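Residue strings, one per chain:
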Amino acid sequence: MNLSECQALVTGGAVRIGRAIAEMLADAGCGLAIHYRRSADEATALAERLGGKTRVTLVRGDLSSAAECRRIIDESWRSTGGFNILINNASVFHKDDLASATAEKLDAELRVNFLAPVHLTRAFAEKLCPELFGAATDAESGQAAPRGKAIHLLDRRIAGVDVSCVPYELSKKMLAEYTRQSALELGPYIAVNGVAPGAILPPRSVGEGTGDPVRDWAGPTPLRGPCGPDAVAAAVRFLLEADGMTGQTIFVDNGRHLIR
C-alpha cells in the first residue's frame, strides 16, 4: 500500500499508542478519521496539529454497542469519502482475577476489546467489498494487492497466561483468533493482521513511583532497549505497506512474550 493514497480510521486515536499510530499515518500522507470517546480535548489538539500534514476528521463514539460501532464506520466513511485502512486500537484494561471478574466486568471488557473490533471490521468490509456480502458490484476481481487493510492491537499476553487480568486477557486472545479467522474470510480483498505490544506505556492506574515505571511493570525482557509507542506504530506501518501478509501477529514487547 502507498499510504499517501490511503484514508484510515484509527479507534482510540487521540492518546497513547493510538496517537502514535495517527501521527505515523499523517507523516506518511494518509488521510485520517480519528475516533475518541472521552478524550475530546486531546483529539481536537491532535487534529489541529496534524491538519497541516493531511486531512483529519474526528468521530466520537462509544464502542460498547454494535449499533454505535456501525454509526462510527458510517460517519467515518462519509467524512473521509471512503477509507481503506481500519486500525482497531481502542481498548479498556482492568486488573481483575477470576475471583473478582464479575459477569458485568467480563461483559464490559469483551464488548470493547473483542466485540467492537468484530463489529467494526464487518461494517468496514461491507463498505469496502460489498460483494463478500452478496451485493452487486462493478469492482474488478483478481487484484494484485488487497483492497484494504485491518490491523488489530492485541497484547503480548496472548502468548501466555496472566491470572491478574482475566477478562482483559480473554478478550485479547479472542481477538487474536478473530484476526486469523477474518484474514481467511476477507481475503483477497482485505488483509487482516495484528500487533501485540508489551509494556509500551504503564496503565493509567500505575503511579509514577521510582525508577522506570514501564520497565518495572513490564518485568524481565530479553532486550533492554526502549520500546515505546513509536515502535508499535512502526510495526503497524510495516504491515500496512507489506501486501503479502495476512493473518499474522507481530509482537512489539522486547521479547517479553518468550518468558513464561
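For the structure itself, look to the data block above.
None of the values given here were measured: they were computed from a predicted structure. (Residues numbered from 1 in each chain as written. Predicted model: local features only at pLDDT ≥ 70, side-chain atom pairs only at ≥ 80, totals over all residues. Heavy atoms only, no water.)

S.K.: I would appreciate a short explanation of the overall build of the chain in the present structure.
M.R.: Counting its regular elements, the chain contains seven helices and seven strands. The secondary structure elements of the chain, listed N-terminal to C-terminal, are β-α-β-α-β-α-β-α-β-α-β-α-α-β. Across the 260 residues that make up the chain, the buried fraction comes to 48%. Of the contacts formed within the chain by residues at least 6 apart in sequence, a portion of 73% connects residues at least 24 apart. Put simply, the chain shows about 12,300 Å² of open surface, and 52% of that area lies on carbon and sulfur atoms. (Helix = DSSP H or I, 4+ residues; strand = E, 2+ residues; numbered from the N terminus. Buried < 20%, exposed > 50% of the residue type's maximum accessible area, 1.4 Å probe, protein only. Contact = heavy atoms within 4.5 Å. Areas by Shrake-Rupley, 256 points an atom, 1.4 Å probe, with all protein chains shown as cover.)

S.K.: Looking at this structure, how should I read the packing of helix α1 (residues 16-27) against helix α7 (residues 229-241)?
M.R.: Packed helix pairs are specified by the crossing angle of their axes together with the interaxial distance, meaning the distance between the axes. Orientation of α1 relative to α7, taken along the N-to-C sense of each, is 50°, at an axis distance of 8 Å. In terms of axis orientation, α1 runs oblique to α7. Once α1 is placed against α7, the crossing between them reads as right-handed. In this structure, α1 uses Ile 17, Ala 20, Ile 21, Met 24 and Leu 25 to contact α7, whose residues at the interface are Pro 229, Asp 230, Val 232, Ala 233, Val 236, Arg 237 and Leu 240. The residue inventory of the contact of α1 with α7, partitioned by class, reads ten nonpolar, no polar and two charged. (Axes fitted to C-alpha atoms, helices over the stretch in contact; angles between N-to-C directions. Parallel < 35°, antiparallel > 145°, perpendicular 65-115°, else oblique. Left-handed = near helix turned anticlockwise from the far one by under 90°. Nonpolar A, V, L, I, M, F, W, Y, C, P; charged D, E, K, R; others polar.)

S.K.: Where do I start with the packing of aromatic side chains in this structure?
M.R.: Centre distance and the angle of the planes are the two values used to describe a pair of aromatic rings. For the structure on display, the rule yields three aromatic pairs. For the pair Trp 77 and Phe 83, a centre-to-centre distance of 5.4 Å together with 65° between the ring planes defines the contact as edge-to-face. Take Phe 83: its relative accessible area is 1%, and that puts it in the buried class. Between the aromatic rings of Phe 93 and Tyr 168, the centroid separation amounts to 4.7 Å while the plane-to-plane angle is 85°, which identifies the pairing as edge-to-face. One end of the pair, Phe 93, is in the loop between β4 (85-88) and α4 (103-128); the other, Tyr 168, is in helix α5 (residues 166-186), and 75 residues separate them in sequence. (Phe/Tyr/Trp six-rings, centres within 6.5 Å; stacked < 30°, edge-to-face > 60°.)

S.K.: Explain a nonpolar patch on the surface to me, please; I cannot follow it from the model alone.
M.R.: Judged by side-chain polarity, Leu 106, Leu 170 and Met 174 come together as a nonpolar surface patch covering roughly 220 Å² of accessible area. Note that Met 174 resides in helix α5. According to the relative accessible area criterion, Met 174 is partly exposed, its value standing at 35%. (Patch = residues over 30% accessible without salt bridge, like charges linked within 9 Å, V, L, I, M, F, W, Y side chains within 5 Å. Salt bridge = Lys/Arg side-chain N within 4 Å of Asp/Glu carboxyl O.)

S.K.: Which parts of the structure should I look at to understand the nonpolar core?
M.R.: Note that soluble globular proteins tend to have their nonpolar side chains buried in a common cluster. Among the nonpolar cores identified, the biggest contains 34 residues, and Ile 21, Leu 25, Leu 32, Ile 85 and Val 195 are the most heavily contacted of them. Those elements giving two or more residues to this core turn out to be β1 (7-10), α1, β2 (31-36), α2 (40-50), β4, β5 (148-153) and α7. With seven residues, the single largest contributor to this core is α1. When neighbours within four sequence positions are excluded, Leu 25 is seen to be in contact with Leu 3, Ala 8, Val 10, Cys 30, Leu 32 and Leu 240. Cys 69, Ile 72, Ile 73 and Leu 186 belong to the second largest nonpolar core, which has 23 residues in total. (Core = buried A, V, L, I, M, F, W, Y, C linked by side-chain atoms within 4.5 Å.)

S.K.: What exactly am I supposed to notice about unusual backbone geometry here?
M.R.: Excluding glycine, residues mostly carry a negative phi; peptide bonds, for their part, are mostly trans. Here the residue pair Gly 187 and Pro 188 is connected by a cis peptide bond, since its omega of 0° sits within 30 degrees of zero. By secondary structure assignment, the location of Pro 188 is in the loop between α5 and β6 (190-197). Positive phi, normally seen in glycine, also occurs at Asn 254, with a value near 55°. Note that Asn 254 resides in the segment after β7 (249-252). The exposure class of Asn 254 is buried, given its relative accessible area of 16%.

S.K.: Teacher, can you tell me more about α2 here?
M.R.: Because each turn of an α-helix spans 3.6 residues, side chains separated by three or four positions in sequence point in the same direction. Those residues of α2 not exposed but buried are Ala 43, Leu 46, Ala 47 and Leu 50. Seen end-on, α2 carries its buried residues on one side only, within an arc spanning 100°. Turned more than 90 degrees away from the buried face of α2 sit Asp 41 and Glu 48, all of them exposed. On the buried face of α2, the contacting elements are α1, β2 and β3 (56-60). (Arc of directions from axis to C-beta.)

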